[in-house]
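# Summary of the model geometry
Listed here are the chains, written in short residue letters.
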Amino acid sequence: MIASLAADGMPVIAAPFGQALNELAQSNDKIVGLSADLAKYTDIHVFRDKYPDRFYQMGMAEQVLVSAAAGLAREGFQSWATTYAVFAARRAYDFICMAIAEENLDVKIIGGLPGLTTGYGPSHQATEDLAIFRGMPNMTILDPCCATDIMQATKALSAYKGPAYMRLLRGNVPDVLGEYGYQFELGKAKMIRDGVDVLYISTGLMTMRVLEAAKKLAKDGVDCAVLHVPTIKPFDAATIAEAAGKTGRLVITAENHTIIGGLGEAVAAELMRRGVHPTFRQIACPDEFLDAGALPTLHERYGLSEDAVIRQTKNWLSE
Amino acid sequence: MTTDENSRSNVSLKERATRIRRYALRMGEVQGQGYIAQALGLADVLAVIYFHAARMRPEDPEWEGRDRVYLSMGHYAIALYAALIEAGILPENELETYGSDDSRMPMSGMAAYTPGMEITGGSLGHGLGIAVGGAMGLKRKKSDSWIINMLSDGELDEGSTWEAAMAATHHKLDNLIAVVDNNNQQADGASQEMLGTEPIHEKFAAFGWHVQRVDGNDIDAVVAAFDGAKAGEIAKPHVIICDTKMACGVPFLEAREKNHFLRVEPQEWAEAIKIIDEGRIS
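Note that the structure is a prediction, hence the values are computed from the model and not measured.

### Thoughts on the packing of helix H2 (residues 13-31) of chain B against helix H11 (residues 268-277) of chain B
All names here are of chain B.
- Look at H2 against H11: their axes get within 9 Å of each other, and the N-to-C directions meet at 170°. Viewed along their axes, H2 and H11 adopt a mutual orientation that is roughly antiparallel. The chirality of how H2 crosses H11 is left-handed. On the side of H2, the interface is formed by Thr-18, Arg-21, Arg-22, Leu-25, Arg-26, Gly-28 and Glu-29, while H11 contributes Trp-269, Ala-270, Ala-272, Ile-273 and Ile-276.

### Things to note about the pairing of strand E2 (residues 31-35) of chain A
Residue and element names in this part refer to chain A.
- Counting buried positions along E2 yields 5 of 5 residues, so the element is predominantly enclosed.
- Alternating residues of E2 divide into Ile-31, Gly-33 and Ser-35 and Val-32 and Leu-34, and every residue in both groups is buried.
- Here 5 bridges tie E2 to strand E4 (residues 78-84), and the two strands are oriented parallel to one another. Along E4, the bridge assignment pairs Ile-31 with Gln-78.
- Here E2 runs beside strand E3 (residues 55-57); their pairing, made up of 3 bridges, is parallel. Bridge pairing in E3 links Leu-34 to Tyr-56.

### So, the UniProt feature "domain: Transketolase-like pyrimidine-binding" (unreviewed entry) in chain A
- Those places that UniProt annotates as "domain: Transketolase-like pyrimidine-binding" (unreviewed entry) correspond, in this numbering, to residues 11-175 of chain A.
- Between the end C-alpha atoms of residues 11-175 of chain A there is a gap of 6 Å, over a span that is 40% helix and 21% strand.

### So, the domain arrangement of chain A
Residues and elements named next belong to chain A.
- Considered domain by domain, chain A is made up of domain 1 (13-174) and domain 2 (187-317).
- On a C-alpha basis, the centroid separation for the pair domain 1 and domain 2 is 25 Å.
- Taken together, the contact pairs 26 residues of domain 1 with 28 residues of domain 2.
- Where the side of domain 1 that touches domain 2 is concerned, the elements lending two or more residues are helix H6 (129-134), strand E6 (140-142) and helix H7 (147-159).
- In terms of residue class, the side of domain 1 that touches domain 2 is built from 15 nonpolar, 6 polar and 5 charged.

Quick notes on the rules
- Residues numbered from 1 in each chain as written.
- Chains lettered and ligands numbered in written order.
- Predicted model: local features only at pLDDT ≥ 70, side-chain atom pairs only at ≥ 80, totals over all residues.
- Axes fitted to C-alpha atoms, helices over the stretch in contact; angles between N-to-C directions.
- Helix = DSSP H or I, 4+ residues; strand = E, 2+ residues; numbered from the N terminus.
- Parallel < 35°, antiparallel > 145°, perpendicular 65-115°, else oblique.
- Left-handed = near helix turned anticlockwise from the far one by under 90°.
- Contact = placed C-beta atoms within 7 Å.
- Buried ≥ 20, exposed ≤ 12 C-beta atoms within 10 Å, placed from the backbone.
- Pairing = 2+ DSSP bridges.
- UniProt positions renumbered as here; feature names shortened; annotations may be inferred.
- Domains from an automatic or database assignment.
- Nonpolar A, V, L, I, M, F, W, Y, C, P; charged D, E, K, R; others polar.

Structure follows, in structure tokens:
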């Protein structure tokens, strides 16, 4: 189902998170992995298979998954705990908050199936995880876009000693940013392409979508910039405000997340605080429990597909 | 401090417990409140942990070779501070700051505030899960230190406690001792009337633990239980269920209607301390 995130002809990389973690683990014996009966589905099976004695299977028990990750971190280990984003954000929240974030421990929570990346319905669609975690002090929050982004972000997270939540794209993950000479930096937004008519401020897989949309819009004479914001917290407000402050561009935020409490509202608040007032629109999931179904259908229905991005952009430009 | 060093001063565990009670009452007097009934009830167990069972160096609370003593029930902080003062980890003169602005001794125990406070407790049902990870970490390091996690009987209501109980057995964490303060009192009433957790012994046994149940106000029994757990003969996680009496040691408070947050009138703190000083410990 995740493979369907890739547009036709897009290159893919298998299990980029697992590969990156293995590379790190080779030179850092403090790295340990844990999962709650979802190793195979969060790409940490790659680590488990290479370093079986450094991997803890915690069973389908997310509260002890993250608590044990905290206990290991207390003893000097760097814990990487994986589950689905819904279970990390909803079920394990109090434990992540008090056992990990309040104590500022070096634990990385990796959440699979972020936003709308499964057709299973609301039980598996973590459409509000960014909103939930943004309110948690001390947490670094990442929403990488593609395989290159995930691999670089994983390395940056390991170098950073503190609690973090990263949204995960798993399996054969499209590789998009490689061709733009991109380099992930923790806490930094990156201008991927410039343009004079529209500024997309995007995160996660929506950066992939707006980049593809920008190519097509260029053929119609619409010149689009794309500012990728893989770090949701700490938020690179200065870069975002500077880009949004360039006059004449329609500013569109794009995120694989509910319209409430994610990237779009974070951008809006920062622009208000800084007195930057462009025309502003949001591409995001509606404030609803989303339908089950085939992912391409759902992305089209809720405005996250490439075609939907183009359609919404043109509509807003013609307002 | 090793166990041998712990006992070098010839101060009896009973005297340690008395002093812990006295420090707790003095803190309660400063603030005019505090979970004093729990502190008085747990004082004997704390005396055994800090002056018999746990390996520690008071001058170096983060010594790598120490046993880690976790306080899951953060509202018992007043009790732990009293033990830490008696152990020489906290200075006695800081007692006056208990619960005050900028104090290292806040009303609920938090790791960042207080030397010797290993974890941030208070969100009940958290400690045992963290203890699972801590015990895993110690084994990874091939350390012979122990995790001693104190939890309240109310925390047995939390599903997370039982997730942790299963995990401890599954991961063969025989370096973990859970100490349940079973005073049969929760916020809304008697624990067994809130959510029936008995038979506690059989539940832990069914989860694969080495279980001992003792009178938590009988110092010799508590000592024997810790010795039994730390003897290294039983390759299971260990739980010591300590049946304790709320407000133990101050008869007029023991007799008061049972309450999670025991009512103490302003002049009664001094009266309670006087009783402790007179050695009228029931």
